[in-house]
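Reading the structure
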Amino acid sequence: MSARFHAILRPAILAAAIVLPALLPASAPAQTNRNFLEPPSNLPRIQGGVSLDRLFEALKVAPDNESAKYVENRIWAMWIATDSDTTTLLMGRVKQAIDAKDLDLGIKLLSAVVDIKPDYVEAWNRRATIYYMKKDFDRSLEDIHEVLKREPRHFGALSGLGMIMQELGDDKRALEAFRRALAVHPHLERIPDLVKQLSEKVEGRDI
C-alpha cells in the first residue's frame, strides 16, 4: 500500500476513528456495472472529522482501484448528505421517481430542491443526469455548470460534461472534460479508455 496514500489519509482516519487495515474492508460488497455518472446505491455512513479536501487528496494518490473506490464512496456520501429534512424527503422521492422511470416527476422534485436549497450540489447533479437521460443536453449543461461552479472537483459532473460533448460531436472538449475528471479521480471507471480513444482521434497516434 502506498506510503503517501497512508500519510494523506491517516489524519482523517484517526480523527474519525476509522480502522483501515487494508483501506477497503473485506466485508464491503463489490459494486459493479453501475452508472459512473451517479453515486452508488449503497453509501457508507459519514464519519465525523473527515474533510472533503482530505478525501480528494487521498483519491489522487490511491494506489489501486479498490482503495480509490473506498474514498470515492465517502466523497459521494458527503455530497449527498444534507441537514434539511425537506431536502432529504424530496431526494427520497426523486429516487422513487427515477426507479419508476418517471423522469418528468424527478425533474419537478429536483427543481423544488434547488429552489429550497440552491447550494445543495447533488440536486443540480441529479437533475443534470436526468436531463442527459432525456437527451436534453442544453439543460443538462446548464445544471452541470451550476454543479462545477459550486464544486469544481465533481468528477461525476465532469464525466457527464465529457459524455455530452461526445454526443454533440465535440471530441476536443469531451477529451478536455474527461482529462479534468481524471485529474481529480485517476481511477474513474471507463474514463481512461475514453481518454485513450479520444486522444488518438483528436491528437493522433504517437509515431
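No experiment lies behind these values; they were computed from the predicted model shown.

What counts, and at which threshold
- Per-chain numbering applies: the sequence of each chain, read as written, is numbered from 1 onward.
- Per-residue local features are limited, in this predicted model, to residues with pLDDT of at least 70; the limit for side-chain atom pairs, both in listing and counting, is 80 or more; totals at the level of whole chains, interfaces and linings are taken over all residues.
- Heavy atoms from the whole structure form the basis of all side-chain values; hydrogens and water molecules are not counted.
- Note on conventions: DSSP H or I runs of at least 4 residues are helices, E runs of at least 2 residues are strands, and numbering of each starts at the N terminus.
- Each residue is assigned to one of three classes by its accessible area relative to the maximum for its type, calculated with a 1.4 Å probe on protein chains only: buried under 20%, partly exposed between the two thresholds, exposed over 50%.
- The contact definition used throughout considers only heavy atoms, calling two residues in contact when any of these lie within 4.5 Å.
- Methods summary: accessible areas were calculated by the Shrake-Rupley approach with a probe of 1.4 Å, and residue burial reflects only the protein chains presented.
- Grouping buried Ala, Val, Leu, Ile, Met, Phe, Trp, Tyr and Cys residues that are joined through side-chain atoms within 4.5 Å yields what is termed a nonpolar core.
- Axis angles are defined between N-to-C directions and span 0 to 180 degrees, where every axis is a line fitted to C-alpha atoms and, for a helix, only to the segment in contact.
- Reported orientations rely on four angle classes, namely roughly parallel under 35 degrees, roughly antiparallel over 145, roughly perpendicular from 65 to 115, and oblique for the rest.
- Take the far helix as the reference: if the near one is turned anticlockwise from it by less than a right angle, the crossing is left-handed, and if turned clockwise, right-handed.
- Gly is put with the polar residues, along with every residue not named as nonpolar or charged; the nonpolar set is Ala, Val, Leu, Ile, Met, Phe, Trp, Tyr, Cys and Pro, and the charged set is Asp, Glu, Lys and Arg.
- Pairing of N or O atoms within 3.5 Å defines a polar contact, subject to two protein rules: one partner must be a possible hydrogen donor and the other a possible acceptor, and residues neighboring in sequence count only if both atoms are side-chain atoms.
- Under the convention used throughout, the expected extent of a helix is 1.5 Å for every residue step, that is, one less than its residue count.
- Arc, as used here, means the arc of the directions from the helix axis to the C-beta atoms.
- Note on ring pairs: Phe, Tyr and Trp rings are taken, using the six-membered ring of Trp, and paired if centres are within 6.5 Å. Classes follow the plane angle, with under 30 degrees stacked, over 60 edge-to-face and the rest tilted.
- Whether a charge sits over a ring comes down to the Lys NZ or Arg CZ being within 6 Å of the ring centre and within 35 degrees of the ring normal.

**Considerations on the overall build of the protein**
- Within the protein, the regular secondary structure consists of ten helices and zero strands.
- Each helix (α) and strand (β) of the protein, taken in turn from the N terminus, gives the series α-α-α-α-α-α-α-α-α-α.
- By residue count, 46% of the 207 residues in the protein fall in the buried class.
- In the protein, once contacts between residues fewer than 6 apart in sequence are set aside, the share between residues at least 24 apart is 64%.
- Total accessible area on the protein is roughly 11,200 Å²; 50% of this is exposed by carbon and sulfur atoms.

**Thoughts on the nonpolar core**
- Within the largest apolar cluster, 55 residues are counted, with the highest numbers of intra-cluster contacts made by Phe-56, Ile-75, Phe-155 and Phe-178.
- Discounting residues that sit within four places of it in the chain, Phe-155 has contacts with Phe-56, Leu-59, Glu-72, Ile-75, Trp-76, Trp-79, Ala-181, Val-184, His-185 and Leu-188.

**A short note on the packing of helix H2 (residues 52-61) against helix H3 (residues 65-80)**
- Relative to each other, H2 and H3 sit at 155 degrees, their axes nearing to 9 Å. With respect to each other, H2 and H3 are oriented roughly antiparallel. Handedness of the crossing formed by H2 with H3: left-handed. Across the interface between the two elements, Leu-52, Leu-55, Phe-56, Ala-58 and Leu-59 of H2 pack against Ala-68, Val-71, Glu-72, Arg-74, Ile-75, Met-78 and Trp-79 of H3.
- When grouped by side-chain class, the residues that make up the contact of H2 with H3 number ten nonpolar, no polar and two charged.

**Topic: the side chain of His-154**
- Turning to its location among the elements, His-154 is positioned in the loop between helix H7 (137-150) and helix H8 (155-167).
- At 3.0 Å, the side chain of His-154 forms a polar contact with the backbone nitrogen of Ala-157.
- Once residues lying within four places of it in the same chain are set aside, the contact partners of His-154 are Trp-76, Trp-79, Val-121, Glu-122, Asn-125, Val-147 and Leu-148.

**Focus: the side chain of Thr-87**
- Along the chain, Thr-87 turns up in helix H4 (residues 85-99).
- When neighbours within four sequence positions are excluded, Thr-87 is seen to be in contact with Thr-82, Val-113, Lys-117 and Tyr-120.

**Quick look at the packing of helix H6 (residues 121-133) against H7**
- Relative to each other, H6 and H7 sit at 160 degrees, their axes nearing to 8 Å. The orientation of H6 with respect to H7, classified from their angle, is roughly antiparallel. Seen from above, H6 lies across H7 with left-handed handedness. The segment H6 lies against H7, with Val-121, Trp-124, Asn-125, Arg-127, Ala-128, Tyr-131 and Tyr-132 engaging Phe-137, Arg-139, Ser-140, Asp-143, Ile-144, Glu-146, Val-147 and Arg-150.
- When its residues are assigned to classes, the contact of H6 with H7 shows eight nonpolar, two polar and five charged.

**Some words on helix H5 (residues 103-116)**
- With 14 residues, H5 extends 20 Å between its outermost C-alpha atoms, agreeing within 8% with the 20 Å of an ideal straight helix rising 1.5 Å per residue.
- All of the buried residues along H5 are Leu-103, Gly-106, Ile-107, Leu-109, Leu-110, Val-113 and Val-114. Around the axis of H5, the buried residues are gathered within 165 degrees of arc, so they sit on the same side. In H5, the exposed residues that point more than 90 degrees away from the buried face are Lys-108 and Asp-115.
- Among the structural elements, H4 and H6 are those in contact with the buried residues of H5.

**Observations regarding the packing of aromatic side chains**
- The final tally for this structure, using the stated rule, is six aromatic pairs.
- Ring centres 6.0 Å apart and planes at 40 degrees place the aromatic pair Tyr-132 and Phe-137 in the tilted group.
- Look at Tyr-132 and you get buried, because its relative accessible area is 16%.
- Judged by relative accessible area, which is 12%, Phe-137 ranks as buried.
- Here a set of aromatic residues connected by ring pairs shows up, and it is made of Phe-56, Trp-76, Trp-79 and Phe-155.
- Seen from the ring of Tyr-70, Arg-74 lies directly overhead, with NZ or CZ sitting 3.7 Å from the centre.
- Over the ring of Tyr-132 we find Lys-135; its NZ or CZ atom is 5.9 Å from the centre of that ring.

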